[in-house]
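Letter by letter, the chains look like this.
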Amino acid sequence: MKLPEELQFIANSRKPQKRTTSRIDGQICVITGATSGVGYAAAKRLAQGGANLVLVNRNLEKAQKVKEEINKLYSVNIDLLQADFTDLAQVRKAAETILSRYPRIDLLINNAGLHMTRRELTKDGFEIVFCVNHLASFLLTMLLLDRMKESQPARILQINSQGHRFGGLDLDDLTWANRRYKGLQGYGASKTAQLLTVWELTDKLKDSGVTINAMHPGAVATNIGMNNGLLYQWYQRYFLFPLLKGPEVSGEAIYYLAAAPEMKDVSGKFFNQTVEEKPAAHALDRETGKKIWEISMKLTGLRE
Ligand SMILES: NC(=O)c1ccc[n+]([C@@H]2O[C@H](COP(=O)([O-])OP(=O)(O)OC[C@H]3O[C@@H](n4cnc5c(N)ncnc54)[C@H](OP(=O)(O)O)[C@@H]3O)[C@@H](O)[C@H]2O)c1
């Protein structure tokens, strides 16, 4: 039975995933949120492929352990930077440090993310999920963009989510001041905003040698959501996790998109792990995309 287009992602998640054995020895790969789950699995797989890693994490102690674990297996360079993505000033500082240390950047993987069941604002007044999942990755990408153009060929990968299908993006109420906060929609709003800016950036990067794609890393058992209440944690641990795969499948998929030679010129696509897929219609609305681009530029203090 063929599923309707909007449910095709269910069938896609069961399709065989692509892999690559290509190596990316010596490439400089910046990856955010590598202290657990998808980011950790991706960092490990990238190190296996020979990449030197620049890990941007909020918790340096956890990051140090990740570095030790990966270096026990692979002798690549691993640099650790600290930034909490609820604070855009820390994202700016991390970007400045990266630019001062690395004359080239081959890969940028924006992975850090979270899901909240309740509304919370950052100290700058952003809804926290929107800030971490969208604004921080937008800002980091924009600040590293010129260096990536100088380093071409280079690739940017946004670790997005099927969660974008929950919608929730209201350009007039990004802080959820006028609506009751719903966690899945808050998450959906952040991922929709990120996807919409991917299409904008794809156009701006045309012929630059830098590609940008977004992907859903699979439904995998990680720490996501474990910052929420005890009931949520209990449900996730005992009911959800047993049904999910481990994040190694995400690491393998990310590696494919980051390293496969056949992905070199592919840009502006959404992948269900490694299977190209059509996102939800609301995440393809270019009019909204132009508006969220302008808003994101303004909120992050960037100028065209
Ligand atoms: N797991 C899934 O099934 C799934 C499905 C679709 C999409 N995703 C996406 O995959 C990405 C990774 O999530 P995950 O599932 O691997 O979750 P995770 O295990 O919770 O990992 C999230 C990573 O983001 C970091 N992070 C969270 N808040 C941060 C902040 N304020 N500043 C800086 N870093 C922060 C975490 O750091 P700490 O270790 O310090 O907490 C951790 O390194 C997210 O973008 C998520 O939306 C996951």
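Refer to the structure above for everything that follows.
Residues numbered from 1 in each chain as written. Predicted model: local features only at pLDDT ≥ 70, side-chain atom pairs only at ≥ 80, totals over all residues. Heavy atoms only, no water.

**With respect to the overall build of the chain**
The condition that has to hold: Each helix is a run of DSSP H or I of at least 4 residues and each strand a run of E of at least 2, with the numbering of both proceeding from the N terminus. Each radius of gyration is computed over the set of C-alpha atoms, and the globule rule expresses the reference value as 2.2 Å times the number of residues to the power 0.38. Buried means the residue's accessible area, taken with a 1.4 Å probe over protein chains only, is under 20% of the maximum for its type, while exposed means over 50%, and partly exposed covers the values in between. Any two residues whose heavy atoms approach within 4.5 Å at even a single point are treated as in contact. Values of accessible area rely on a 1.4 Å probe in the Shrake-Rupley scheme; residue burial ignores everything except the protein chains shown. Within this scheme the basic residues Lys and Arg register as positive and the acidic residues Asp and Glu register as negative, but His and the chain ends are omitted. Positions of charges follow a simple convention, taking NZ of Lys, CZ of Arg, CG of Asp or CD of Glu.
Across its full length, the chain holds 9 helices and 8 strands. A compact globule built from 304 residues should have a C-alpha radius of gyration of about 19 Å, and the chain, at 18 Å, falls within 12% of that. For the C-alpha atoms alone, the extent of the chain along its principal axes is close to 50 × 45 × 40 Å. Counting over 304 residues, the chain shows a buried share of 54%. Put simply, 77% of the contacts in the chain that link residues at least 6 apart link residues at least 24 apart. By element, 51% of the accessible surface of the chain is carried by carbon and sulfur atoms, the whole surface being about 14100 Å². The average position of the 40 basic charges and that of the 32 acidic charges among the side chains of the chain differ by 4 Å.

**Let's talk about the site of the ligand**
Basically, it comes down to this: Any residue with at least one heavy atom within 4 Å of a molecule or strand is counted as near it. For the purposes of these results, a polar contact is taken to be a pair of N or O atoms within 3.5 Å, where, inside protein, one atom must be able to donate a hydrogen and its partner to accept one; residues adjacent in sequence count only when each atom of the pair is a side-chain atom.
In the vicinity of the ligand lie 29 residues, with Thr-35, Ser-36, Lys-62, Tyr-187 and Thr-222 positioned nearest. Within the contact set of the ligand, an oxygen atom lies 3.3 Å away from a backbone nitrogen or oxygen of Gly-113. In this structure, Tyr-187 approaches the ligand through a side-chain N or O atom, which is 2.5 Å from an oxygen atom. The fraction of the free accessible surface of the ligand (880 Å²) that becomes covered by protein chains is 93%.

**Concerning the sheet that holds strand S3 (residues 78–82)**
Which entries qualify depends on this criterion: Two strands pair if DSSP finds at least two bridges between them. Axis geometry follows a simple rule: fit a line to the C-alpha atoms, using only the stretch in contact for helices, then measure angles between N-to-C directions, giving values from 0 to 180 degrees.
A sheet is described by the order of its strands in space; here 8 strands give the open sequence S3-S2-S1-S4-S5-S6-S7-S8, paired in mixed fashion. This sheet does not close on itself; its edge strands, each paired only once, are S3 and strand S8 (275–277). In this sheet, adjacent strand axes meet at a mean angle of 25° when their direction is disregarded. Pairing of strand S6 (residues 210–216) with strand S7 (residues 270–272) involves 3 bridges; the strand directions are parallel. Directly across from His-216, in S7, lies its bridge partner Asn-272. Contacting strand S1 (28–32), strand S2 (52–57) and S3, helix H4 (residues 88–101) runs over the sheet at an angle of about 150° to S3. Set on the sheet, helix H6 (residues 183–204) makes contact with strand S5 (154–159), S6 and S7; between it and S6 the angle comes to about 155°.

**Section: the packing of helix H2 (residues 37–48) against helix H8 (residues 248–259)**
Defined as follows: Note on terminology: angles under 35 degrees are roughly parallel, angles over 145 are roughly antiparallel, angles of 65 to 115 are roughly perpendicular, and the others are oblique. Definitions for this section: a left-handed crossing has its near helix turned counterclockwise from the far helix by less than a right angle. A right-handed crossing has that turn clockwise. Any residue outside Ala, Val, Leu, Ile, Met, Phe, Trp, Tyr, Cys, Pro, Asp, Glu, Lys and Arg is labelled polar, Gly included; the first ten of those are nonpolar and the last four are charged.
The N-to-C vectors of H2 and H8 enclose an angle of 55°; their axes lie 8 Å apart at closest approach. When the interaxial angle is binned, H2 and H8 end up oblique. By crossing handedness, the relation of H2 to H8 is classed as right-handed. The segment H2 lies against H8, with Val-38, Ala-41, Ala-42, Arg-45 and Leu-46 engaging Glu-248, Ser-250, Gly-251, Glu-252, Ile-254, Tyr-255 and Ala-258. Along the lines of polarity and charge, the residues of the contact of H2 with H8 split into 7 nonpolar, 2 polar and 3 charged.

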